Amino acid sequence: MIGIVAHLLGYSFGRRASLCLLFYLLCFLYLLSILYDGFAGRGLDTLPLSMNIVDLRQTTVRQIEPLLEEEARHWRDELHWDYRGALELIKRFLDAHALAGCVAFENGVAAGYSFYVLEDQKGLIGGLYVSAKFAQDSIGRRLLEEMLYSMRAIPHLARIEAQLMPFSGPVDTPLLDQGFHLYTRQFMLLDLQKVHEAKSGASAGMRLNRWNDRYFEPCAKLIYLAYANHVDGEINDQYRSRSGALKFLKNIILLPGCGQFVPSASFVLHEPGSDDLVAAVLTSEVSPGVGHTTQICVLPGYQGHGLGRMLMQTSAEALRSMKFRELTLTVTSDNHTAVQLYERLGFTTIKCFTAGVWPR
């Protein structure tokens, strides 16, 4: 190419002028080669050729429906979770133009989306998904940056929480760059069709009861006390107060985001004659034949005596009797005692994901 350009220049200019132009052209091409190598090192697909970011409230369900369907397939295939109930809720908010977030478009096609909700002085990143057909790293980073810029502009916003499944490529580096403190969480699965060891009995004559709505307030108190000075209280600040714990309970029991609550596989444990709970396990159905432990906690002072193990086994047995095939749960990796318990019960980790909190 350089030879052809030099040859053409020779027809139009004097020899000295053409040599000067050739020198500058060579410098220009050299700079281009450096730029090319830089982009090639990151992958040419990181070039923002025709991407634009649009406010989620300015888009329609039809525009991002293929993204939602693709995301639902990930939840089904990788986590055994029917995510359609949550997506229907998202669609209703989209139809009402009431869901804050943004959408990345490549050549007019929705490549990724993100959304958040506000709760008092806290923002919750509810979702981030980028299709594998596009440059996940660069688009995911851009979506996070745009969303966090909008969130931080909200007056009095003091905290942002995020728990993001890794369907959109890695998110750790973008979150760290934005000042988040990160925690690794594990998504674990138990095959209920395999034979497991017999259930251990409750100790000291405690009473085991199935869930009843009269336990909302006592269970909120239990959660608040159980997660005092616990790593999960750093990730989810609802655990830090009784009112927050009650709101958390209503979310997992009454709303469809965590599946359909299964009271017959949810249990509480208490001392005879006392309304205060010592331990509890709550379970939902997240797809046909698949249960999910939405909460398991034991009061400090009663921990280390096998109560959590007994409740998990009791819940698993109840699910087996209802012909459930699998049981899943999530646990923070730093909670080593809980991770080891679940592994002894037969759970295996099938996915790891990131939880982030800002500020640090």
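That block above? That's the structure.
The following refers to the structure shown. (Residues numbered from 1 in each chain as written. Predicted model: local features only at pLDDT ≥ 70, side-chain atom pairs only at ≥ 80, totals over all residues. Heavy atoms only, no water.)

### Focus: the side chain of Thr294
Point 1. Residue position: Thr294 is located in strand β11 (residues 290-298).
Point 2. Thr294 has contacts with Phe248, Ile252, Cys258, Leu282, Thr283 and Ser284, leaving out every residue within four places of it along the chain. (Helix = DSSP H or I, 4+ residues; strand = E, 2+ residues; numbered from the N terminus. Contact = heavy atoms within 4.5 Å.)

### Brief notes about the packing of helix α3 (residues 61-79) against helix α4 (residues 84-95)
Point 1. Between α3 and α4, the least distance of the axes is 11 Å, while the angle of their chain directions is 165°. It follows from the interaxial angle that α3 and α4 lie roughly antiparallel. Like other packed secondary-structure pairs, α3 and α4 cross with a definite hand, here right-handed. Contacts between α3 and α4 involve Val61, Ile64, Glu65, Leu68, Glu71 and Ala72 from the first element and Leu87, Lys91, Leu94 and Asp95 from the second.
Point 2. Classifying every residue of the contact of α3 with α4 by side-chain character gives six nonpolar, no polar and four charged. (Axes fitted to C-alpha atoms, helices over the stretch in contact; angles between N-to-C directions. Parallel < 35°, antiparallel > 145°, perpendicular 65-115°, else oblique. Left-handed = near helix turned anticlockwise from the far one by under 90°. Nonpolar A, V, L, I, M, F, W, Y, C, P; charged D, E, K, R; others polar.)

### Describing the packing of aromatic side chains
Point 1. Applying the stated rule across the entire model yields 11 aromatic pairs.
Point 2. Relative to Trp81, the ring of Trp75 lies with its centre 5.5 Å away and its plane at 70°, an arrangement referred to as edge-to-face.
Point 3. Among the residues examined, Trp75 registers a relative accessible area of 11% and is labelled buried.
Point 4. Among the residues examined, Trp81 registers a relative accessible area of 8% and is labelled buried.
Point 5. Between Trp211 and Phe261, the aromatic rings sit 6.1 Å apart at their centres with planes inclined by 85°, giving edge-to-face as the arrangement. Residue Trp211 is located in the loop between β7 (207-210) and α7 (216-226), and its partner Phe261 is located in strand β8 (residues 260-261); the two are separated by 50 residues in the primary sequence.
Point 6. For Trp211, a relative accessible area of 7% puts it in the buried group.
Point 7. Residue Phe261 is classed as buried on the basis of its relative accessible area of 10%.
Point 8. Each residue in the set Trp75, Trp81, Tyr83, Phe167 and Phe187 is aromatic and connected to the rest through ring pairs, giving one cluster. (Phe/Tyr/Trp six-rings, centres within 6.5 Å; stacked < 30°, edge-to-face > 60°. Buried < 20%, exposed > 50% of the residue type's maximum accessible area, 1.4 Å probe, protein only.)

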